[in-house]
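Listed below, chain by chain, are the residues.
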Amino acid sequence: MAEHIIVVGKGGVGKSTTAANITAALAEAGRQVALIGYDPRWSATTTIRGSAALLPVPQWRSEEVVPRYALGYKGALCIEAGDFTIEGHTRQSAALLDLPLLIQHGASYVIHDVAWEPGPYFSLPPACEGVPIVLVVTSGDMTSINVVNELFRWLNTVSSSNYRFGGVIINNLKGPLYESIISDYVSRTGTTIVANIPHSVMVSVSDFYNQTLIEAAPSSHNAYTYRKLVRHIVDSLVVPRPIPLDAGELGTWATSWGEIISELETGVVRDGSNI
Ligand SMILES: Nc1ncnc2c1ncn2[C@@H]1O[C@H](COP(=O)(O)OP(=O)(O)O)[C@@H](O)[C@H]1O
Ligand SMILES: [Mg+2]
């Protein structure tokens, strides 16, 4: 049975970049791997499949002579499933995106790049077997942390037999202060950071080549960070399930960090309690 890895987080934090590089690092390590993207623009798998044509799942019933899937970097299977939260994509895709294709491919890892944002009505993608591992990607911005907390709130309503928590991945931070902010938030929720992927101009450069960083810059620092993250996945390491902060706690916590940041920026110390 394949191991299903679900990558979630706020739009723009780097889910697709992370999911594609995890896929590439697994493929590079000789694993059979599939990447399923749920972006409504069908763009989640582009850095894995390069220029290979692919018909997205919601159009599979059409007569178009375009392959339903593509084999990308080192044989990684690419599927664009569409956003299941969009009416019309939902019913069609859920019926079509079944497991035989993945089983036929012999995928031992299926990476799901979920494009819809966690919120009160969040759902995991349908084509998962077993108990999937959830990985959450975040930047240091409060808007991103809010979405992580929403996800934690939603996960808290889900039975523990329905998912395993793989940890928090911090990506593309603006500076070391933001690492402290995320570390503080994550430890308060009782869980763990499993990777810190720095900002790297090489990530954008590889986007321009339509490649993952693993392919475009295999010796770069970030490429090794992705490989290390993949070792965590291969070892099936799960970390404690997160407990969300309630709205009041999160507000108080955010304000205290806001004060620290503004004291550092302006040099104006209000009461000195944070020094
Ligand atoms: N570590 C990083 N360093 C530099 N740029 C990054 C990094 N991670 C992501 N990006 C860039 O940020 C943008 C958004 O990333 P993307 O993976 O598409 O986010 P999402 O899938 O969460 O919406 C892309 O242009 C990507 O190249
Ligand atoms: Mg994306």
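Worth saying up front: this structure is predicted, and the values here are computed from it rather than measured. (Residues numbered from 1 in each chain as written. Chains lettered and ligands numbered in written order. Predicted model: local features only at pLDDT ≥ 70, side-chain atom pairs only at ≥ 80, totals over all residues. Heavy atoms only, no water.)

This next bit is on the environment of Gly-166. Tracing the backbone shows Gly-166 in strand E7 (residues 164-171). Along the backbone, Gly-166 and Val-194 are 28 residues apart, and their C-alpha atoms lie at a distance of 7.8 Å. Setting aside its immediate chain neighbours within four residues, Gly-166 contacts Ile-133, Val-134, Leu-135, Val-194, His-232, Leu-237 and Val-239. (Helix = DSSP H or I, 4+ residues; strand = E, 2+ residues; numbered from the N terminus. Contact = heavy atoms within 4.5 Å.)

Applying the stated criterion across every chain, the model contains 7 salt bridges. In this structure, Arg-41 engages Asp-39 in a salt bridge whose closest nitrogen and oxygen atoms are separated by 2.9 Å. A residue is classified by how much of its surface remains accessible, and Arg-41, at 62% relative accessible area, is exposed. Accessibility expressed as a relative area gives 11% for Asp-39, which makes it buried. Here Arg-188 ties to Asp-184 by a salt bridge, and the two come within 3.0 Å at their closest N and O atoms. Residue Arg-188 and its partner Asp-184 are located together in helix H6 (residues 176-188), separated by 4 residues, close to a single helical turn. Its relative accessible area of 51% is what places Arg-188 among the exposed residues. Relative accessible area serves as the criterion here: at 19%, Asp-184 is assigned to the buried category. (Salt bridge = Lys/Arg side-chain N within 4 Å of Asp/Glu carboxyl O. Buried < 20%, exposed > 50% of the residue type's maximum accessible area, 1.4 Å probe, protein only.)

The end-to-end C-alpha distance of helix H5 (residues 142-156), which contains 15 residues, comes to 21 Å, matching closely the 21 Å that a straight helix rising 1.5 Å per residue would cover. Turning to H5, the residues buried within the fold contact strand E1 (3-8), strand E6 (133-138), E7, H6 and helix H10 (247-266). (Expected span 1.5 Å × (residues − 1).)

Right, let's get into the domain arrangement of the protein chain. Here the domain parsing of the protein chain yields domain 1 (3-244) and domain 2 (248-275). With centres defined by C-alpha atoms, the gap from domain 1 to domain 2 works out at 33 Å. The partner domain 2 presents 7 residues to the 11 residues of domain 1 that form the contact. Summing the contributions of domain 1 and of domain 2, the shared interface buries around 770 Å²; its carbon and sulfur component is 82%. Of all residues in domain 1, the largest losses of buried area upon contact with domain 2 belong to Met-142, Leu-177 and Ile-181, amounting jointly to 49% of the total for that side. Counting the contacts that link domain 1 with domain 2 gives 0 salt bridges. Applying the counting rule to domain 1 against domain 2 returns 2 residue pairs in polar contact (both at pLDDT 80 or more). Secondary-structure elements contributing two or more residues to the side of domain 1 that touches domain 2 are H5 and H6. Here the side of domain 1 that touches domain 2 takes 6 residues from H6, the largest share from any one element. Tallied by class, the residues present in the side of domain 1 that touches domain 2 amount to 6 nonpolar, 3 polar and 2 charged. (Domains from an automatic or database assignment. Buried area = accessible area lost by both parts, 1.4 Å probe. Polar contact = N/O pair within 3.5 Å; in protein donor to acceptor, adjacent residues only side chain to side chain. Nonpolar A, V, L, I, M, F, W, Y, C, P; charged D, E, K, R; others polar.)

Moving on, we come to a nonpolar patch on the surface. Side chains of Val-201, Met-202, Val-205, Phe-208 and Tyr-209 sit close together on the surface and give an oily, nonpolar patch of about 560 Å² of accessible area. Examined against the element boundaries, Met-202 turns out to sit in helix H7 (residues 201-208). With a relative accessible area of 32%, Met-202 lands in the partly exposed category. (Patch = residues over 30% accessible without salt bridge, like charges linked within 9 Å, V, L, I, M, F, W, Y side chains within 5 Å. Areas by Shrake-Rupley, 256 points an atom, 1.4 Å probe, with all protein chains shown as cover.)

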